[in-house]
Amino acid sequence: AVVSTQSRSRTSYNYPNSGLGDHNFCRNPDFEALPWCYTTDPDLRFDYCSNIEKCPDEYDYECQQGAGYLYRGDVLDTVDGLLCDLSLDKAKTTLKCLEGNGVSYIGNVSVTEGGFQCQEWSKQVPNPHPYYGLGEHNHCRNPNGIKAKSWCYITNPDQSSQWDFCDVPVCNEDLKEDRTITYHANRCGNSPHDDHMTGAWCRNSKSEKTLCVVRHCTDMIGDGESKYTFNCMNEEDLGAGYRGSVDTTQSGYECQRWDEQSPHAHSIYLNLEKGIGEHNRCRNPDGEHKPWCYTTEPTHRWEVCDVPYCTTEEEEEEHFLNIEILH
């Protein structure tokens, strides 16, 4: 067993879909300036990994990489054959001063406490991020209430931190300006704080959270091809590429969530590439003959699921999304 020299809060449980897992590779689950890791030196808690090459500035926002945090395409189709329900708008009370953690602030302050100019939320340079949907402006915000108060990414690439808090006036009777705005929030997309979804998603016509049929970006250094399926399994890969919503076994047992250890403890770690996330859908991460799951029945540890085979070329064409294998 690996003995840790550092206590850690950045774990795959606390930061799902961030590439964390049973390894010691550099990652950036909390949007630091660079990928980093905890070190094995008791006197140095963590350090940045500076030997990683920077990707080209071009990025294809019409496809999704990983969990689809940067996807901003127009797909409205869901994996269950339905469409995103565009009638599901959300209303939100907003303020032009700071109240609480500033999650409702919509003012126009765009300079940080350190005097830095804010980066536009719709841009990914100099700091890439998943909050492009906030609008084409650089006003301080606190999306999903993830920080103590309103903040923004800064435009100065020479700083050690990508972001800074903003000096937003605290609400009082003179400053408080309540108003309600309605904004559309049901397009395919994802963020690290959207209920741990494993890809771009929306609410379908049944108001259910459902993954969208969004193609995966091509890996520029890969030369192999694999396929994801949603309504059927590919016999050639034993269903390893199945990403559908079946969550009961062939005998009718309800599946246990992969991120839980009860009633059955196990060693299948969260792994986005294998479809293992914070859900209870049938998957095949270890080469069984079909997708399977642990069950919620204490006396029945696991069982394969009744996922149909893709039988014709036409059916495969309908349900497959091509991706490039990462090497």
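Keep in mind that what you see is a predicted model, and the values were worked out from it rather than measured. (Residues numbered from 1 in each chain as written. Predicted model: local features only at pLDDT ≥ 70, side-chain atom pairs only at ≥ 80, totals over all residues. Heavy atoms only, no water.)

Peer 1: I'd love a proper account of the overall build of the chain, names of residues and values included.
Peer 2: Each helix and strand in the chain was counted, giving 1 helix and 12 strands. Sequence-ordered secondary structure for the chain, helices as α and strands as β, is β-β-β-β-β-β-β-β-β-β-β-α-β. For the chain, the proportion of its 327 residues judged to be buried stands at 39%. In the chain, the proportion of contacts linking residues at least 24 apart, taken out of those at least 6 apart, comes to 59%. (Helix = DSSP H or I, 4+ residues; strand = E, 2+ residues; numbered from the N terminus. Buried < 20%, exposed > 50% of the residue type's maximum accessible area, 1.4 Å probe, protein only. Contact = heavy atoms within 4.5 Å.)

Peer 1: Requested: an account of the confidence of the model for the chain, with residues and values cited.
Peer 2: It should be kept in mind that the predicted coordinates are not to be read in detail where pLDDT is low. Taken residue by residue, the chain gives an average pLDDT of 76. The fraction at 70 or more is 73%. This model gives residues 218-226 a pLDDT under 50, and the stretch forms 22 contacts once residues within four places in sequence are excluded. Note on residues 314-327: pLDDT is under 50 here. Beyond four places in sequence and across chains, it has 47 contacts. (pLDDT = per-residue confidence, 0-100.)

Peer 1: Lay out the nonpolar core in plain terms, naming residues and giving numbers.
Peer 2: Core analysis: the largest hydrophobic core is formed by 14 residues, its most contacted members being W258, I268, W292, C293 and C305. Among the elements that make up this core, the one with the highest residue count is strand β10 (residues 292-294) (3 residues). Apart from residues no more than four positions distant in its own chain, W258 is found in contact with H266, I268, I276, G277, H279, N280, R281, R283, W292, C293 and Y294. Grouped together as the second largest cluster of nonpolar side chains are 11 residues, Y105, C118, Y131 and C140 included. (Core = buried A, V, L, I, M, F, W, Y, C linked by side-chain atoms within 4.5 Å.)

Peer 1: For the pattern of salt bridges, give the residues involved together with the corresponding values.
Peer 2: Any two side chains of opposite charge can pair, given that their charged atoms come close. A complete count under the given rule lists 4 salt bridges for this structure. We note a salt bridge from R257 to D259, for which the minimum N-O separation is 3.1 Å. When the shortest N-O distance is used, the salt bridge between R257 and E260 registers 3.7 Å. Since its relative accessible area comes to 36%, E260 is described here as partly exposed. Residues joined by salt bridges that share partners form a network here, namely R257, D259 and E260. (Salt bridge = Lys/Arg side-chain N within 4 Å of Asp/Glu carboxyl O.)

Peer 1: Give a description of the state of the cysteines that names residues and reports values.
Peer 2: If you walk through the whole model with that rule in mind, you get 8 disulfides. Each sulfur in the disulfide pair C118 and C152 lies 2.0 Å from the other. The sign of the S-S torsion, about -75°, decides the handedness of the disulfide formed by C118 and C152: left-handed. Of this pair, C118 sits in the loop between β3 (89-94) and β4 (151-153) while C152 sits in strand β4, placing them 34 residues apart in sequence. Of the two residues examined, C118 and C152, each falls in the buried class. In this model C232 forms its disulfide with C310; the gap between the sulfur atoms is 1.8 Å. Across the disulfide from C232 to C310, rotation about the S-S bond amounts to roughly 85°, and the bridge is consequently right-handed. One end of the pair, C232, is in the loop between β9 (225-228) and β10; the other, C310, is in the loop between β11 (302-304) and α1 (313-319), and 78 residues separate them in sequence. As far as burial versus exposure is concerned, C232 and C310 are alike and both buried. This cysteine, C37, is not joined by any disulfide, and C49 carries the nearest cysteine sulfur, 4.3 Å off. (Disulfide = S-S within 2.5 Å.)

Peer 1: Lay out the packing of aromatic side chains in plain terms, naming residues and giving numbers.
Peer 2: To describe a pair of aromatic rings, you give the distance between the ring centres and the angle between the ring planes. Counted under the stated rule, the structure contains 12 aromatic pairs. Centre to centre, the rings of W121 and Y153 are 5.9 Å apart; their planes meet at 70°, and the pair counts as edge-to-face. Taken as a pair, W121 in the loop between β3 and β4 and Y153 in strand β4 lie far apart in primary sequence, 32 residues in all. The residues W121 and Y153 share a single accessibility class, namely buried. In textbook terms, an aromatic cluster arises when at least three aromatic residues are bridged by ring pairs, as seen for W121, W151, Y153, W163 and F165. In this structure, K147 packs its charged tip against the face of W151, placed 4.9 Å from the ring centre. Sitting over the ring of W163, K147 keeps its end group 3.9 Å from the ring centre. (Phe/Tyr/Trp six-rings, centres within 6.5 Å; stacked < 30°, edge-to-face > 60°. Lys NZ or Arg CZ within 6 Å of the ring centre and 35° of its normal.)

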